[in-house]
Amino acid sequence: MFMGNNYRSWVEIDLDVLVSNLRIYKGKLRENTEIMAVVKADAYGHGDLEITKCLSTHGVRYFAVSNIDEAVGLRLNGFGGEILILGYTPTGRLVDVYKHNITQTLLSEEYAKAAVASGYPIKCQFAIDTGMRRIGLNADDLLYCENVIKQYAKRLRLNGLFTHLCVADGSDEASVDFTREQIYKFKSVANSVRDLCLPYIHYQNSAGGLFHFIESSSFVRLGVILYGLKPGKESVLPQGIKPVMSWKSVIATVLDLEKGETVSYGRTYKAKRRMKIAAVPTGYADGYSRLLSNKGYVLVNGKVAPIVGQICMDQMLIDVSEIPDVKLETEVVLLGRSGSFHITADNLADMYGTIGYEVITGVSKRVARIYHQSPSPLI
Ligand SMILES: *Cc1c(COP(=O)(O)O)cnc(C)c1O
C-alpha cells in the first residue's frame, strides 16, 4: 500500500517540551508567584488554542494576548479563564471586551476616559510607563499617576497595574541600572495606590523573570522563554529548557547542476563544479525569510545543506552534493535537530540580523501545525 507523505511544510510543536519548560520555570519562582502565559501572536506562532489549552491543564490560570481578536478567538473556542489584552483595543470594540469578560489595558488617561465614555464597565489594568516610552501613565509624575489611577478605579473595574521592562535582557551595568530604576518607579506608583488593594501588580517579562536579583512579583508574564527561546543574546536559560517548535519540509526534486550553471531568480548562484541540488517546497511566503538567500542552511539526513540562490515565494534550493540518500520526500529540517546538528530560531535570526521572536512569529498560516503530546497519566 502506498503511504505518501501528507505535508509540504510543517512545524512540529512538542507540548511535552512546553510542559517541561513550564515546570522548570515554576521551580525557579517563589511559591506565591503565578505565571501569566503570554500567548499573543498565535502563541508566538505555536497556535494559541492548543498552547492555552495545554498550559491551563497544567495549572496556568492567567493568559495575555495583544489584541481583541486574539482574546475573542480564545473565548469563542471555549476558553473561560482570565485574559488580559496587553495593547490597544479600538474603542468601538470595548463592547466585546465587556461581553466576553476580558481585561483591557488602559493605555493612557485619554484611553481610560474613552473607556468610561463607552459605557461598558470593563475589567481593566493601567499600564505604567517606566521607561519604555510606548504606552502607560508616565511614572515620573507620581502624583499624576496616583490621581488618575484612583479616579478611574472608581469608574471602571480596575484590578491591576503593570509595567514593561525594556532592557532586562542586558547584563551591562547601564542596563541593570535602568531595569532597577524601572522597577523602583513602578513600585512607587503601586505603593501610592496600595489602599486600592489591586490584586494584579506585575512587571516581569521573560528577561525580567530570569533576572535573579529581582524578587518576584505576584505575577510574571512569560512569553518567549516558555517556548524555549532566549529573550536576549546574553540571556542564559535554565538547564533543561528546550525549543518547543521545530520546522520541517521535504525534498521535492533532486537535480544535477553542471559547472557554470546558475540557480533560481536573478541567477545569483553559479555552480563552481558539478553539483547536486534539491528543491524544497518552503519559501518566503511560508515565513522563511528571503534574506537567507545564499546565506542560510538546512539539515538533511544529519548533514548541513546550504541554501543556494534566491529563496522563492514557495520554494528554495539547497546544495545536497555531499549528502547521500537524498530523494523525493526525504525530510528537511529548517529549525530543529538532525543528527548532531541543531538549528535554533536564534541561529536563524542571527544569520539575517533579527531576533528569534521574529522567526517563530513569522511562520505563516499556511504552514501546518502538528502537535505532539504523550498521553498524560490520569492525575
Ligand atoms: C510580549 C510581552 C511580554 C512577553 O515578553 P517575552 O519577552 O516574550 O517574555 C510581556 N509583557 C508585555 C507587556 C508584552 O508585550
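Residues numbered from 1 in each chain as written. Predicted model: local features only at pLDDT ≥ 70, side-chain atom pairs only at ≥ 80, totals over all residues. Heavy atoms only, no water.

Trainee: Teacher, can you tell me more about unusual backbone geometry here?
Mentor: Negative phi characterises most residues that are not glycine, and trans characterises most peptide bonds. The residue arginine 267 is not glycine, and still its phi comes out positive at about 50°. You can see arginine 267 is positioned in the loop between strand 13 (262-263) and strand 14 (269-270). For aspartate 325, which is not glycine, the phi dihedral falls at a positive 70°. Tracing the sequence through the fold places aspartate 325 in the loop between strand 18 (316-319) and strand 19 (331-338). Residue classification places aspartate 325 among the exposed positions, given a relative accessible area of 61%. (Helix = DSSP H or I, 4+ residues; strand = E, 2+ residues; numbered from the N terminus. Buried < 20%, exposed > 50% of the residue type's maximum accessible area, 1.4 Å probe, protein only.)

Trainee: Would you take a moment to explain the pairing of strand 17 (residues 303-306) for this structure?
Mentor: A regular strand carries its side chains on alternate faces of the sheet. Note that strand 16 (residues 297-300) and strand 17 share four bridges and pair antiparallel. Within strand 17, the position partnered with leucine 299 by the bridge is valine 304. Counted between consecutive antiparallel strands, the loop separating strand 16 from strand 17 contains two residues, among which asparagine 301 sits at a positive phi close to 50°. (Pairing = 2+ DSSP bridges.)

Trainee: Looking at this model, I keep getting lost on the pairing of strand 8 (residues 157-163). Mind explaining?
Mentor: Taking burial as the measure, the seven residues of strand 8 include six buried ones, the bulk of the element. With six bridges joining them, strand 6 (residues 123-129) and strand 8 adopt parallel strand pairing. The partner of glutamine 125 across the bridge, within strand 8, is glycine 160.

Trainee: Whenever I open this one, the layout of surface pockets confuses me. Can you help?
Mentor: Empty space among the atoms becomes apparent when a probe as large as a water molecule is rolled across them. Estimates place the volume of the largest pocket at around 980 Å³. Residue lining of the largest pocket: 49 residues in total, with Asn205, Val224, Pro231, Ile355 and Tyr357 positioned closest to the centre. Contributing elements (two or more residues each) for the lining of the largest pocket: helix 2 (40-44), strand 6, strand 8, helix 9 (206-210), strand 10 (219-222), helix 10 (345-352) and helix 11 (356-361). For the lining of the largest pocket, the element with the highest residue contribution is helix 10, accounting for four residues. Its residues assigned to classes, the lining of the largest pocket comprises 23 nonpolar, 15 polar and 11 charged. (1 Å grid on protein atoms, 1.4 Å probe; cavity = no way out; pocket = protein on both sides within 12 Å on 5 of 7 lines; lining within 4 Å. Points joined across faces, edges and corners; volume = space filled by probe spheres on them. Nonpolar A, V, L, I, M, F, W, Y, C, P; charged D, E, K, R; others polar.)

Trainee: Just to check I follow, could you spell out a negative patch on the surface for this structure?
Mentor: Taken together, the side chains of Asp169, Asp172, Glu173, Asp177, Glu181 and Glu234 present a region of like negative charge at the surface. Along the chain, the position of glutamate 181 falls in helix 8 (residues 173-192). (Patch = residues over 30% accessible without salt bridge, like charges linked within 9 Å, V, L, I, M, F, W, Y side chains within 5 Å. Areas by Shrake-Rupley, 256 points an atom, 1.4 Å probe, with all protein chains shown as cover. Salt bridge = Lys/Arg side-chain N within 4 Å of Asp/Glu carboxyl O. Lys, Arg positive; Asp, Glu negative; His and termini not counted. Charge placed at Lys NZ, Arg CZ, Asp CG, Glu CD.)

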